[in-house]
Amino acid sequence: MNIMDFNVKKLAADAGTFLSRAVQFTEEKLGQAEKTELDAHLENLLSKAECTKIWTEKIMKQTEVLLQPNPNARIEEFVYEKLDRKAPSRINNPELLGQYMIDAGTEFGPGTAYGNALIKCGETQKRIGTADRELIQTSALNFLTPLRNFIEGDYKTIAKERKLLQNKRLDLDAAKTRLKKAKAAETRASIWAEEVTKSEQELRITQSEFDRQAEITRLLLEGISSTHAHHLRCLNDFVEAQMTYYAQCYQYMLDLQKQLGSFPSSYCNNNQTSVAPLPSASSNVIGSSALSSTSGLVIASPTNLIDLKECSGSRKARVLYDYDAANSSELSLLADEVITVFSVVGMDSDWLMGERGNQKGRVPITYLELLN
């Protein structure tokens, strides 16, 4: 037998198998043929694998959006990844903002309050940009890559074996149908006895192949539980990377706020009252949370400050941030020092009188933390 004869016969056999499967599938959909049902355990495993694949894709894609909101940048990174080339380094938004602030501060003059503050803010923004870059790199390595490996590797293997199982099941049911028809014809003509024997042999072969493929598919699907355990560890790594990132950002902003607290936010003319720089509400909330576990401290909440304004006595307070007095009526403050504060009738609601030894002057209440 030459090679061409073999190829033609194999092609004809493959075409016959494909046609047989197509006929069986069509008759099943039309309700004209019986279908072998998979056992409940295997069906549950298939359902679990499909569910895992769907949600893994959604989580992976949304994580990519979270880490890189720019769709064009994501497409560019995808192309470079497929070309197996390293994407060019790109300045991120915090780094760009930081550079603008530094350039503006340099232009305005580092010796001026505003110029100096811009430079300090710019340096902090660039640090945040570096932390953001580290978060993206760590998350891509420890979280996104394992998820993508499952979608593009493990699940593709499962899908391939699942499709093969479907084909073996169609072959099995087609063999069952042929045997059933042969047995029905045998009762009318003895010539069909040979066809029955042939169909029974084919059924045994297809049943054996189906059972073997079902076992292979089941073993692969049972690995989904291990996949979940692996992805759980990756999720913990992702959370730890985020925790590190947000802790860094918080510390950077806390340090920046303390530095900016030493700058007067406005300048006064002659006898005009100066305006105290106010820390943001969000930082007060974060500060309250961070210090709530320290015994003996009472955060200077609005209620506590109102109580202090209404009482005639004095209280001890810890200074939260450096503050430079804008004029002789105010008292300069150093972070972490403890001073005595009390209210004075008719004084602006944002201020208290502060006393340190023989020094006395007005102090902004938002820079204070009352002590018990």
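Residues numbered from 1 in each chain as written. Predicted model: local features only at pLDDT ≥ 70, side-chain atom pairs only at ≥ 80, totals over all residues. Heavy atoms only, no water.

Colleague: Go over the overall build of the protein with me, naming the residues and quoting the values.
Modeller: Check the secondary structure of the protein and you find nine helices and six strands. Relative to its full complement of 372 residues, the protein shows a buried share of 34%. The long-range fraction of contacts in the protein, counting pairs at least 24 apart against all pairs at least 6 apart in sequence, stands at 67%. Carbon together with sulfur atoms contributes 56% to the accessible area of the protein, which is approximately 23000 Å² in total. (Helix = DSSP H or I, 4+ residues; strand = E, 2+ residues; numbered from the N terminus. Buried < 20%, exposed > 50% of the residue type's maximum accessible area, 1.4 Å probe, protein only. Contact = heavy atoms within 4.5 Å. Areas by Shrake-Rupley, 256 points an atom, 1.4 Å probe, with all protein chains shown as cover.)

Colleague: I'd like to hear about the environment of Leu-333, residue by residue, with values.
Modeller: Inspection of the secondary structure assignment puts Leu-333 in the loop between strand S2 (314–319) and strand S3 (338–342). Between the alpha carbons of Leu-333 and Tyr-323 there is a distance of 4.8 Å; along the sequence they are ten residues apart. When residues no more than four places from it in sequence are discounted, the contact partners of Leu-333 are Val-319, Tyr-321, Asp-322, Tyr-323, Ile-339, Arg-356, Val-363, Pro-364 and Tyr-367.

Colleague: An account of the pairing of strand S6 (residues 368–371) is needed here, citing residue identities and associated values.
Modeller: Burial of S6 is two-sided: the residues Leu-368 and Leu-370 facing one way and the residues Glu-369 and Leu-371 facing the other way are all buried. Pairing between S2 and S6: three bridges, direction antiparallel. If you follow Ala-317 over to S6, its bridge partner there is Leu-370. (Pairing = 2+ DSSP bridges.)

Colleague: Which residues make up unusual backbone geometry, and what are the values?
Modeller: The backbone of Asp-336 shows a phi angle near 80°, a positive value even though the residue is not glycine. Relative to the helices and strands, Asp-336 resides in the loop between S2 and S3.

Colleague: Give a description of the packing of helix H2 (residues 40–67) against helix H7 (residues 224–260) that names residues and reports values.
Modeller: At a minimum axis separation of 12 Å, H2 and H7 run at an interaxial angle of 15°. Taken together, H2 and H7 sit at an angle that is classed as roughly parallel. The chirality of how H2 crosses H7 is left-handed. In this structure, H2 uses Lys-48, Ala-49, Thr-52, Thr-56, Thr-63 and Leu-66 to contact H7, whose residues at the interface are Ile-224, Ser-225, His-228, His-231, Phe-238 and Gln-242. (Axes fitted to C-alpha atoms, helices over the stretch in contact; angles between N-to-C directions. Parallel < 35°, antiparallel > 145°, perpendicular 65-115°, else oblique. Left-handed = near helix turned anticlockwise from the far one by under 90°.)

Colleague: Got a sec to walk through a nonpolar patch on the surface? Specific residues and values, please.
Modeller: Together, Ile-54, Trp-55 and Ile-59 line one region of the surface with nonpolar side chains, adding up to about 290 Å² of accessible area. With respect to the element layout, Ile-59 can be found in helix H2. Judged by its relative accessible area of 43%, Ile-59 is partly exposed. (Patch = residues over 30% accessible without salt bridge, like charges linked within 9 Å, V, L, I, M, F, W, Y side chains within 5 Å. Salt bridge = Lys/Arg side-chain N within 4 Å of Asp/Glu carboxyl O.)

Colleague: So, helix H6 (residues 193–222): which residues are in play, and what are the values?
Modeller: Under the 1.5 Å per step criterion, the end-to-end length of H6 is 43 Å for 30 residues, consistent within 8% with the ideal 44 Å. Regarding H6, the residues found buried are Val-196, Ser-199, Leu-203, Thr-206, Phe-210, Gln-213, Ala-214, Thr-217, Arg-218 and Leu-221. (Expected span 1.5 Å × (residues − 1).)

Colleague: Residue-level account of the packing of H2 against H6, with values.
Modeller: Contact pair H2 / H6: the axes reach a minimum separation of 9 Å and the direction vectors enclose 45°. Classified by the interaxial angle, the pair formed by H2 and H6 is oblique. Regarding H2 and H6, the two cross each other, and that crossing is left-handed. On the side of H2, the interface is formed by His-41, Leu-42, Leu-45, Leu-46 and Ala-49, while H6 contributes Ala-214, Thr-217, Arg-218, Leu-221 and Glu-222.

Colleague: Got a sec to walk through the pairing of strand S5 (residues 359–364)? Specific residues and values, please.
Modeller: In this sheet, S5 lies alongside strand S4 (residues 351–356) in antiparallel orientation, the contact comprising six bridges. If you follow Gly-354 over to S5, its bridge partner there is Gly-361. Counting the residues that bridge the hairpin from S4 to S5 gives two residues, and of these Gly-357 lies at a positive phi of roughly 60°.

Colleague: Requested: an account of the packing of aromatic side chains, with residues and values cited.
Modeller: Counted according to the given criterion, the structure contains seven aromatic pairs. Linked through ring pairs, Tyr-321, Tyr-323, Trp-351 and Tyr-367 together constitute an aromatic cluster. The ring of Trp-55 has Lys-58 sitting right over it, with the charged end atom 4.5 Å from the ring centre. Taking NZ or CZ as reference, Arg-362 lies 4.3 Å from the ring centre of Trp-351, over its face. (Phe/Tyr/Trp six-rings, centres within 6.5 Å; stacked < 30°, edge-to-face > 60°. Lys NZ or Arg CZ within 6 Å of the ring centre and 35° of its normal.)

Colleague: So what about the side chain of Arg-318? Which residues, and what values?
Modeller: The residue Arg-318 is located in strand S2 in this model. Here Asp-336 takes part through its side chain, which lies 2.5 Å from a polar atom of the side chain of Arg-318. (Polar contact = N/O pair within 3.5 Å; in protein donor to acceptor, adjacent residues only side chain to side chain.)

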